[in-house]
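Chain and residue survey
The primary structure of each chain is shown beneath.
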Amino acid sequence: MTKANFYIIMMVLGTVLPWLFFAPYFAQTGFDIGQYFQSLFMANGLAAGFSIDVLLCIALFWVWSFWDAREQGIRNWWLVLPACSFVGLSLGLPLYLYLRETQLNKAR
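Residues numbered from 1 in each chain as written. Predicted model: local features only at pLDDT ≥ 70, side-chain atom pairs only at ≥ 80, totals over all residues. Heavy atoms only, no water.

Counted as a void, the largest pocket has a volume near 930 Å³. What lines the largest pocket is a set of 27 residues, and nearest its centre among them are F22, F26, Y36, L40 and V87. Among the elements of the structure, α1 (3-29), α2 (33-41), α3 (45-72), α4 (80-86) and α5 (89-107) are those that each provide at least two residues to the lining of the largest pocket. For the lining of the largest pocket, the leading source of residues is α3, giving seven residues. Its residues placed into classes, the lining of the largest pocket shows 21 nonpolar, five polar and one charged. (1 Å grid on protein atoms, 1.4 Å probe; cavity = no way out; pocket = protein on both sides within 12 Å on 5 of 7 lines; lining within 4 Å. Points joined across faces, edges and corners; volume = space filled by probe spheres on them. Helix = DSSP H or I, 4+ residues; strand = E, 2+ residues; numbered from the N terminus. Nonpolar A, V, L, I, M, F, W, Y, C, P; charged D, E, K, R; others polar.)

Dropping the structure here:
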């Protein structure tokens with residue numbers, strides 16, 4: 001299995017598995033942003049700690065991937081922004097690694 005194929009599999013899993021939880025939540029509550037953030041941070045300390053950890057990792061990933069994309073000449077870097085925003089790091093990270101691997105293979 002190539003790295004690119006592995007990243008594609010992880011993109012699929014990273015999209016489907018979180019949405020198995022997101023879909024019922026949004027079906028029940030609707031797309032109420034206030035309720036969404038309240039659920040992330042106000043449910044309990046564990047949820048708040050986990051949420052801030054993931055959000056900080058996403059912010060770090062966005063900055064690093066922006067810099068890396070400029071260095072590596074990756075044109076579609078911006079795709080990680082909606083990927084992380086609408087699904088999460090579980091899609092954004094393997095998507096970027098796939099774009100990076102594809103660019104590195106072209107350069108070889």
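This part takes up the environment of L13. Within the secondary structure layout, L13 lies in helix α1. L13 sits in the partly exposed class, given a relative accessible area of 39%. Measuring from C-alpha to C-alpha, the distance between L13 and L91 comes to 8.1 Å, with 78 residues separating the pair along the chain. (Buried < 20%, exposed > 50% of the residue type's maximum accessible area, 1.4 Å probe, protein only.)

Let's shift gears to the nonpolar core. Ranked by internal contacts, the top residues of the largest apolar core, which has 14 residues, are V80, L95 and Y96. For this core, the secondary-structure elements that each account for two or more residues are α3, α4 and α5. At four residues, the largest contribution of residues to this core is made by α5. Residues in contact with V80, not counting those within four places in the same chain, are F61, W62, S65, G92, L95 and Y96. (Core = buried A, V, L, I, M, F, W, Y, C linked by side-chain atoms within 4.5 Å. Contact = heavy atoms within 4.5 Å.)

The end-to-end C-alpha distance of α1, which contains 27 residues, comes to 38 Å, matching closely the 39 Å that a straight helix rising 1.5 Å per residue would cover. Taken together, the buried positions of α1 are occupied by A4, Y7, M11, G14, P18 and F26. For α1, the secondary structure elements touched by its buried residues are α2 and α5. Phi for G30, located one or two positions after α1, is positive at around 80°. (Expected span 1.5 Å × (residues − 1).)

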